[in-house]
Amino acid sequence: MINKLVRRLKERDESAVDDLYDLYFNRIYYYVKRIIGNYGTKEDNEECVSDVFLALWKEIYKFDAERGSFDTFINVKTKTVALNFRRKLQSHTQKHLNTSIDNVDLSTSVEEEVSDIIFENEFLDIINKFKEPDKTYFHLRYFMNYGIKEIAKSFNTTVSSVDNRLYRCRLSLKKIRCKEIV
């Protein structure tokens, strides 16, 4: 069924978008709402969901079944679009705040922001070096906002097993962060 839907989307069958919507709307809306959080309104969430479906329609040619499942493709595309949307909302909020604040020394906040970006990139490299299933658990938990119970159920394992693996991942990141500070 999914393979047929993907084929129809790649053939630019517009009715396939309706089927895609029917199958994935709830999941996409849920992820968008969790990622955008308090930065947006219900209308922002709905606009972002529309952006996700548009991105899926425009970029369906990027889907390769050999690299991963269609569900994963949708999850990654949703995450990417929602995070970009959230950044746009944050930027708009930040611009609004900046216009209302006078005489603020921005040099320290810029340095902190650059430092955070460097740490973030280093952390992403480290996270990508985690062994499986730790890397997958970490991505699902902290990038896709899955609950620990959801992850455990998906991988047919116990909640404590997932929790322990995530704890060890966080510890290794914390050790690296502490070394860099010292």
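Residues numbered from 1 in each chain as written. Predicted model: local features only at pLDDT ≥ 70, side-chain atom pairs only at ≥ 80, totals over all residues. Heavy atoms only, no water.

Colleague: Explain the overall build of the protein chain here, please?
Modeller: Assigned secondary structure in the protein chain consists of eight helices and zero strands. Along the protein chain, helices and strands appear, N-terminal first, in the series α-α-α-α-α-α-α-α. Within the protein chain, buried positions represent 29% of all 182 residues. When the accessible surface of the protein chain is split by element, carbon and sulfur atoms take 52% of a total near 12,500 Å². (Helix = DSSP H or I, 4+ residues; strand = E, 2+ residues; numbered from the N terminus. Buried < 20%, exposed > 50% of the residue type's maximum accessible area, 1.4 Å probe, protein only. Areas by Shrake-Rupley, 256 points an atom, 1.4 Å probe, with all protein chains shown as cover.)

Colleague: How should I be thinking about the pattern of salt bridges in this particular structure?
Modeller: Where charged atoms from two side chains of opposite charge come close, those side chains can pair. What the rule picks out here adds up to seven salt bridges. Ionic pairing is found between Asp-71 and Arg-27, a salt bridge with its closest N-O pair at 3.7 Å. Pair noted here: Asp-71 is in helix H4 (residues 70-100) and Arg-27 is in helix H2 (residues 15-36), with a separation of 44 residues, a long-range link. Looking at Asp-71, the relative accessible area reads 31%, which means it is partly exposed. (Salt bridge = Lys/Arg side-chain N within 4 Å of Asp/Glu carboxyl O.)

Colleague: Explanation requested: the nonpolar core in the structure shown.
Modeller: If you look at soluble globular proteins, the nonpolar side chains tend to sit buried side by side. Among the nonpolar cores identified, the biggest contains 27 residues, and Leu-9, Leu-20, Ile-28, Val-32, Leu-56 and Phe-70 are the most heavily contacted of them. For Leu-9, the residues in contact, after removing those within four places along its chain, are Ala-16, Val-17, Leu-20, Trp-57, Ile-60 and Phe-70. One finds Phe-138, Met-144, Ala-152 and Cys-169 within the second-largest nonpolar core, a separate group that totals 14 residues. (Core = buried A, V, L, I, M, F, W, Y, C linked by side-chain atoms within 4.5 Å. Contact = heavy atoms within 4.5 Å.)

Colleague: Would you take a moment to explain the packing of aromatic side chains for this structure?
Modeller: The geometry of an aromatic ring pair is captured by the separation of the ring centres together with the interplanar angle, meaning the angle of the planes. Under the definition given, this model contains 11 aromatic pairs. Aromatic pair Tyr-24 and Phe-70: ring centres 5.8 Å apart, planes at 75°, arrangement edge-to-face. Of the two residues, Tyr-24 is situated in helix H2 and Phe-70 in helix H4; the sequence distance between them amounts to 46 residues. Residue classification places Tyr-24 among the buried residues on the basis of a relative accessible area of 4%. A relative accessible area of 4% means that Phe-70 is categorised as buried. Ring pairing ties together the aromatic residues Tyr-21, Phe-25, Tyr-29 and Phe-53, which thus form one cluster. (Phe/Tyr/Trp six-rings, centres within 6.5 Å; stacked < 30°, edge-to-face > 60°.)

Colleague: How should the packing of helix H1 (residues 2-10) against H2 be read in this particular structure?
Modeller: Two measures define how a pair of helices packs: the angle their axes make with one another and the distance between the axes. At their nearest, the axes of H1 and H2 sit 9 Å apart, and the two run at 140° to each other. For the element pair H1 / H2, the angle class is oblique. Taken as a pair, H1 and H2 cross one another with a handedness that is left-handed. Together, Ile-2, Leu-5, Arg-8 and Leu-9 of H1 and Ser-15, Ala-16, Val-17, Asp-19, Leu-20, Leu-23 and Tyr-24 of H2 make up the contact between the two elements. (Axes fitted to C-alpha atoms, helices over the stretch in contact; angles between N-to-C directions. Parallel < 35°, antiparallel > 145°, perpendicular 65-115°, else oblique. Left-handed = near helix turned anticlockwise from the far one by under 90°.)

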